[in-house]
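Analysis of the macromolecular model
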Amino acid sequence: MSELTPKDRVMNLFRREPVDTMPCFSGMGMVTIQAIEQMGIRFAQVHTSAENLARSAKTTAELFGFDAVIIPYDMSTIPEALGRGISLYEDSEDILYPTVPSKWQSFDEIDIPDDFLSRGRMPLVDEAMEILKSENNGNLALGGWVLGPFTMAGQLIELDLLLKGVRKDKERVDAFLSQMTDLVIKAAQHYESIGVDFMNIREMGTGSDLLSPKVWKTLIQPNLAKIFDAVQIPTVNHICGSTDLIIEMMNECGADALSVDQKNNVVQTRKKLGDDVLLFGNFDPYGTLVTGDVSEVEPAIKKCIDDGID
């Protein structure tokens, strides 16, 4: 077959159509320090400039041959828009991602403005996406992502309060997560309207090493199913940590693909789900790409492919 564009390669994968080579992309913010250094800026300068955000994503993809660009990079854009502030570490020369400095201390403090999409850095992200669309000429796939309801809640309210509330204050936790679900849908549909090609919902903090499968089924699964039902473009359901005990429930949520980390036994997952489910990820990013020797990268990725990763 003729060589596909990177975007065609990604979208063909989601459509389960032939590809010329296995695509390499992410559903997380994709940026490398090499791109930042080539631009002659500090990492802290990326997050407050639409031009820097777009250019760093495009430069990263071009330097490493990725098939997609994905922004933003930090998890604080929506919490910031909800009035929780932002710590940008602008004076740091290190790679420090923005964080949320002020969380709600009780469920009574929760306040979600209707216009959060127009607050904080949310318009900046929109502008960066428009830049990527206009300069990309449809060559690279444009990905978007939003934290899942439970993980988003953990960015907004003290996690200890949330985890204890699962057992002791379930009614208010359920109500809060319902609010978070509506918020995630609103954000995901907004990025869909801008023109992103695929959407990743990162419900990272709900692996079975943190929540029991029983809690996951009642507290997490219904909200994720509601989100994936509301988004029309291809979707990815990403969860970190231990997912072997919940992988079948993850698949039932209705996303077009599942994304797992190195703790998932993909060989067993393939046996459980069959060959028709798209599976992403599974390598150890820190151990493979940060602390590992370069000679270990190819065998690590080949093992993921041999085990059944797409």
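These numbers come from a predicted model, not from an experiment.

1. Observations concerning the pattern of salt bridges
A side chain of one charge can pair with a side chain of the opposite charge if their charged atoms are brought near each other. Counted according to the given criterion, the structure contains 19 salt bridges. Note that Asp 115 is salt-bridged to Arg 119, the shortest N-O span being 2.9 Å. Residue Asp 115 is classed as partly exposed on the basis of its relative accessible area of 37%. Notably, a salt bridge pairs Lys 226 with Asp 182, separated by 3.2 Å at the nearest N-O pair.

2. Remarks on the packing of helix α8 (residues 170–194) against helix α9 (residues 213–230)
Two numbers describe how α8 lies on α9: the axes approach to 9 Å, and their chain directions differ by 25°. Relative to α9, the element α8 is oriented roughly parallel. By crossing handedness, the relation of α8 to α9 is classed as right-handed. Taken together, the residues of α9 that come into contact with α8 (itself represented by Val 173, Asp 174, Leu 177, Thr 181, Asp 182, Val 184, Ile 185, Gln 189 and Glu 192) are Leu 219, Asn 223, Lys 226, Ile 227 and Ala 230. Per-class residue counts for the contact of α8 with α9 are 7 nonpolar, 3 polar and 4 charged.

3. Thoughts on the state of the cysteines
Applying the stated criterion across every chain, the model contains 0 disulfides. Among the cysteines around Cys 24, which has no disulfide bond, Cys 304 carries the closest sulfur, lying 11 Å off.

4. Digging into the pairing of strand β6 (residues 278–281)
Both faces of the sheet carry side chains from a regular strand, because those side chains alternate between them. Here strand β5 (residues 257–260) pairs with β6 via 4 bridges, running parallel. Looking across to β6, one finds that Leu 258 is bridged to Leu 279. With helix α11 (residues 266–273) bridging β5 and the parallel β6, this β-α-β connection has right-handed handedness.

5. Focus on the side chain of His 190
Counting through the fold element by element, His 190 comes out in helix α8. On the basis of relative accessible area, His 190 is assigned to the buried category, the value being 19%. Among the polar contacts made by the side chain of His 190, one reaches the side chain of Asp 126 at a distance of 2.8 Å. Ignoring any residue separated from it by four or fewer positions in sequence, one finds His 190 in contact with Leu 117 and Asp 126.

6. Concerning helix α7 (residues 159–168)
Among all positions of α7, only Leu 162, Gly 165 and Val 166 are buried. Projected down its long axis, α7 carries its buried residues within an arc of 110°, all on one side. Turned more than 90 degrees off the buried face of α7, the exposed positions are Arg 167 and Lys 168.

7. Some thoughts on the nonpolar core
Core analysis: the largest hydrophobic core is formed by 95 residues, its most contacted members being Phe 14, Ile 78, Val 146, Phe 176, Tyr 191, Met 199 and Trp 216. Take this core: its biggest share by element is 11 residues, from α8.

8. What about the environment of Met 11?
Assignment of secondary structure puts Met 11 in helix α1 (residues 6–15). For Met 11, a relative accessible area of 12% translates into the label buried. It is 37 Å that separates the C-alpha atoms of Met 11 and Val 173, two residues lying 162 residues apart in sequence. What Met 11 contacts, discounting residues up to four positions off in sequence, is Asp 197 and Pro 234.

9. Remarks on unusual backbone geometry
For the peptide bond that leads from Ile 71 to Pro 72, omega is -5°, which places it in the cis range. Structurally, Pro 72 can be placed in the loop between β1 (68–70) and α4 (77–84). In this structure, Arg 16 takes a positive phi of about 60° despite not being glycine. One can find Arg 16 in the loop between α1 and α2 (33–39).

10. Side note on α1
Where burial is concerned, most of α1 is hidden: 7 out of the 10 residues are buried. All of the buried residues in α1 are Pro 6, Arg 9, Val 10, Met 11, Asn 12, Leu 13 and Phe 14. Buried residues in α1 make contact with β2 (141–147), β3 (198–202), β4 (235–238), β5 and β6.

11. Things to note about the pairing of β3
Among the 5 residues in β3, 5 count as buried, and that is most of the element. Neither face of β3 is exposed, since Phe 198, Asn 200 and Arg 202 on one face and Met 199 and Ile 201 on the opposite face are all buried. As paired elements, β2 and β3 share 5 bridges and run parallel to each other. Counted as the bridge partner of Gly 144 is Met 199 from β3. Bridge count for β3 against β4 is 4 bridges, and the pairing is parallel. Looking across to β4, one finds that Met 199 is bridged to Thr 235. Handedness of the β3-α9-β4 crossover: right-handed.

Rules used throughout
- Residues numbered from 1 in each chain as written.
- Predicted model: local features only at pLDDT ≥ 70, side-chain atom pairs only at ≥ 80, totals over all residues.
- Heavy atoms only, no water.
- Salt bridge = Lys/Arg side-chain N within 4 Å of Asp/Glu carboxyl O.
- Buried < 20%, exposed > 50% of the residue type's maximum accessible area, 1.4 Å probe, protein only.
- Axes fitted to C-alpha atoms, helices over the stretch in contact; angles between N-to-C directions.
- Helix = DSSP H or I, 4+ residues; strand = E, 2+ residues; numbered from the N terminus.
- Parallel < 35°, antiparallel > 145°, perpendicular 65-115°, else oblique.
- Left-handed = near helix turned anticlockwise from the far one by under 90°.
- Contact = heavy atoms within 4.5 Å.
- Nonpolar A, V, L, I, M, F, W, Y, C, P; charged D, E, K, R; others polar.
- Disulfide = S-S within 2.5 Å.
- Pairing = 2+ DSSP bridges.
- Right-handed = clockwise from strand over helix to strand, strands pointing away.
- Polar contact = N/O pair within 3.5 Å; in protein donor to acceptor, adjacent residues only side chain to side chain.
- Arc of directions from axis to C-beta.
- Core = buried A, V, L, I, M, F, W, Y, C linked by side-chain atoms within 4.5 Å.

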